[in-house]
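# Commentary on secondary and tertiary structure
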Amino acid sequence: MSNYHIKHLEEYFKVYRKSVREPEIFWEEIAEEHFLWRKRWNKVLSWDFQKPEIKWFEGAKLNITENCIDRHLVTKGEKTAILFEPNNPDEEAQHISYNELYKKVNRFANVLKDEGIKKGDRVCIYLPMIPELAVSVLACARIGAIHSVVFAGFSSTALSTRINDSDCKMVITSDGSFRGAKTIDLKSIVDEALEDCPDVNSVLVAKRIHSEVTMKAGRDKWLQTLLDNASSECAPELMDAEDPLFILYTSGSTGKPKGMVHTTAGYMVYTAYTFKNMFQYKENDVYWCTADIGWITGHSYIVYGPLANGATTVMFEGVPSYPDFGRFWEIIQKHKVNQFYTAPTAIRALAKEKLDFVEKYDLSSLKVIGSVGEPINEEAWHWYNDNIGKRKSPVIDTWWQTETGGIMISPIPYVTPTIPTYATLPFIGVQPAIMDEAGNELKGNQVEGRLCIKFPWPSIARTIWGNHQRYKETYFTTYKDNYFTGDGALRDATGYYRITGRVDDVIIVSGHNLGTAPIEDAINEHPAVAESAIVGFPHDIKGNALYGYVILKETGNTRDHDNLRKEINQLITEHIGPIAKLNKIQFTEGLPKTRSGKIMRRILRKIACGDTSNLGDTSTLLNPEVVERIIEEKI
Ligand code: 7RM
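## A few points about the sheet that holds strand β21 (residues 432-435)
Pairing is antiparallel across the open sheet formed by four strands, whose spatial order is β21-β22-β24-β25. Here the strands that pair on one side only, and so sit at the sheet edges, are β21 and β25 (497-502). The average undirected angle you get between the axes of adjacent strands in this sheet is 45°. With four bridges connecting them, β21 and strand β22 (residues 447-453) associate as antiparallel partners. From the neighbouring strand, Met435 faces β22, where its bridge partner is Arg450.

## Here we look at the nonpolar core
In terms of nonpolar packing, the biggest core is built from 124 residues, with Trp37, Phe57 and Tyr304 touching the most fellow members. In this view, Trp37 contacts Ala31, Glu32, Phe57, Ala60, Lys61, Leu62, Ala265, Met268 and Val269; residues no more than four positions away in its chain are not counted.

## Examining a negative patch on the surface
A surface patch of like charges, here negative, comprises Glu192, Glu195, Asp196 and Glu574. With respect to the helices and strands, the residue Asp196 is situated in the loop between α8 (186-194) and β11 (202-206).

## Some remarks on the environment of Val190
Within the fold, Val190 resides in helix α8. On a C-alpha basis, the gap between Val190 and Tyr126 in space is 8.2 Å, while along the polypeptide they are 64 residues apart. If we skip the residues at most four places from it in the chain, Val190 touches Tyr126, Leu159, Val171 and Thr173.

## Examining the pattern of salt bridges
Under the criterion given, the structure shown has 39 salt bridges. Here Lys256 ties to Asp165 by a salt bridge, and the two come within 2.9 Å at their closest N and O atoms. Of the two residues, Lys256 is situated in the loop between β14 (244-250) and β15 (258-263) and Asp165 in helix α7 (residues 156-165); the sequence distance between them amounts to 91 residues. A network of salt bridges, in which partner residues are shared, links Glu85, Arg327, Glu330 and Lys334.

## Quick look at the sheet that holds strand β5 (residues 94-97)
Strand order in the open sheet formed by seven strands is β5-β4-β17-β16-β18-β19-β20, and the pairing between neighbours is mixed. Strand pairing shows two members of the sheet lacking a second neighbour, β5 and β20 (395-397), which therefore form its edges. For this sheet, the mean angle separating the axes of adjacent strands, direction not counted, is 20°. Strands β4 (80-85), β16 (286-289), β17 (312-316) and β18 (339-342) of the sheet are contacted by helix α12 (residues 327-335), whose axis makes an angle of about 140° with β4. Helix α15 (residues 378-388) contacts β18, β19 (368-371) and β20 of the sheet and is inclined by roughly 160° relative to β19.

## As for the side chain of Gln280
For Gln280, the location among the structural elements is in the loop between α10 (264-278) and β16. By relative accessible area, which is 8% here, Gln280 ends up buried. Polar contacts involving the side chain of Gln280 include one to the main-chain carbonyl oxygen of Ile6, which spans 3.2 Å. Beyond its immediate sequence surroundings of up to four residues, Gln280 is in contact with His5, Ile6, Phe275, Asp285, Gln339, Ile412, Pro413 and Val415.

The rules we used
Residues numbered from 1 in each chain as written. Predicted model: local features only at pLDDT ≥ 70, side-chain atom pairs only at ≥ 80, totals over all residues. Heavy atoms only, no water. Pairing = 2+ DSSP bridges. Helix = DSSP H or I, 4+ residues; strand = E, 2+ residues; numbered from the N terminus. Axes fitted to C-alpha atoms, helices over the stretch in contact; angles between N-to-C directions. Core = buried A, V, L, I, M, F, W, Y, C linked by side-chain atoms within 4.5 Å. Buried < 20%, exposed > 50% of the residue type's maximum accessible area, 1.4 Å probe, protein only. Contact = heavy atoms within 4.5 Å. Patch = residues over 30% accessible without salt bridge, like charges linked within 9 Å, V, L, I, M, F, W, Y side chains within 5 Å. Areas by Shrake-Rupley, 256 points an atom, 1.4 Å probe, with all protein chains shown as cover. Salt bridge = Lys/Arg side-chain N within 4 Å of Asp/Glu carboxyl O. Lys, Arg positive; Asp, Glu negative; His and termini not counted. Charge placed at Lys NZ, Arg CZ, Asp CG, Glu CD. Polar contact = N/O pair within 3.5 Å; in protein donor to acceptor, adjacent residues only side chain to side chain.

Next up, the structure:
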């Protein structure tokens, strides 16, 4: 009777149809049969894409950590919940059982309470991929505090912006992090950030690299000391279905990062249900997602989705290239990983290396291999399918977003036949629409346009923290009565979807979404810079790399250009992080602009790609002559 686990294609179509015809009945059954509720909902769904307002399971009470931990203790207390694989392969892996996770999370939750954190307070987590990261996320959820994880590769400025935007009271961090052969001093980055964050009055510091750090009296405390004195019992806070669970920042095409707000019940139901099906998870399987918990993929498919299913989830601290390019494959062999989920940028980087790195290891435990973060090109898809999946483990190309909370369009392995570069079919309950630029839905097959979703699913982000108007404008005004994804897509003759890429000013570099505006803002801070424009151009490994056109002020022109390039990248590193550094910087005297003063990025993009044969219509430009100049001076 249960539709929780889809096993073949006919069943998929049947369940899909039901989820579209009777969404409330469908989701009610899933919610009822597979989760622990302290109080039942009064209404499954109410929604209005105009306002916009979306509520799932209204009136229900629950705690997500009871679903992710407590309820598994009776049957699988000794099962490994989190399998931690350290950066250094010589350091022993840690198997944290559900029983141990329960104690760790409760201890941590009590520490948060002792430090004055209450339900609804925001807590910023800035940690490397060590067990404390997963534990602190769950500890916040245990007491109803809203976690805001900031990827530990972000700079101090990016960190302080995020802390202040959601007014976090506390920061959880570590002395530092290991990344391959390097160490990074996270605590000093936090110290710098907090100079601009007057409302943070407590910093908990985990020890990882055992470096010297400065501890500010009254504010900074060693985490371990507090944990040692805390009780391992902490009653879960009863949360309303629609209480915020977390905030996670994502880049917008303009302005500051958007704090996407996810709420409790719908997010839990959808991430758990998609996890079960996308990875065909069976008891005793070992599942590994290589993402960082600082991104949505880590939230949904390292922490919440797997744990809600009582799975064993691997957490890897390191990088694919350390100590050599065989590390991923070595870990798969070592822990007999059954499901492996990574990003195209990692696949491309590893595909460049000698096949020996792969062939040295036994990958026969694998059953499902996944991809996420950006379109996977055909070559990378085949390399992954041939060499890692050995043409027996299906490749699932999963399309989704920070805003969607969970996987939206993807093959279900062993259910949906795959085609390279196609995300294939919408998951149960997901109703995609393809729109033309005028806002009409393109019905039927063999259409291409912009991807929207026309009906709510349980894990859609409910708002942007502190800016509901921006939420409305970004997602619900471009196409009336639809959620607009910002992506282009086509639907082929058989109804399969292929995602063609962003249609806005977000550029995905090595799987990281970068908005052009914040990078340009950082460059423009340079005293010699008058104006700048960033575009993406194709890159073998990163997918896209960044190309910057920079106009210098009079005084800047006498400066050494190579030095200027270094200084500009240094500024970007400080403001955003090294992931946003420019691969190429061209100094130019003007930028092509429309009469209303908008930079014509379309033209700059073509020039950066070396595709100048057909620049399209340049007649509407205010200054068509600069285009020629930019082409001549191209680096
Ligand atoms: C999960 C995640 C979202 C953006 C999204 C797309 C792109 C992600 C795929 C993809 C083609 C895919 N969240 N994207 N997955 N494009 N095929 N399988 O990545 O918020 O960080 O990024 O990533 O453009 O809108 S995210």
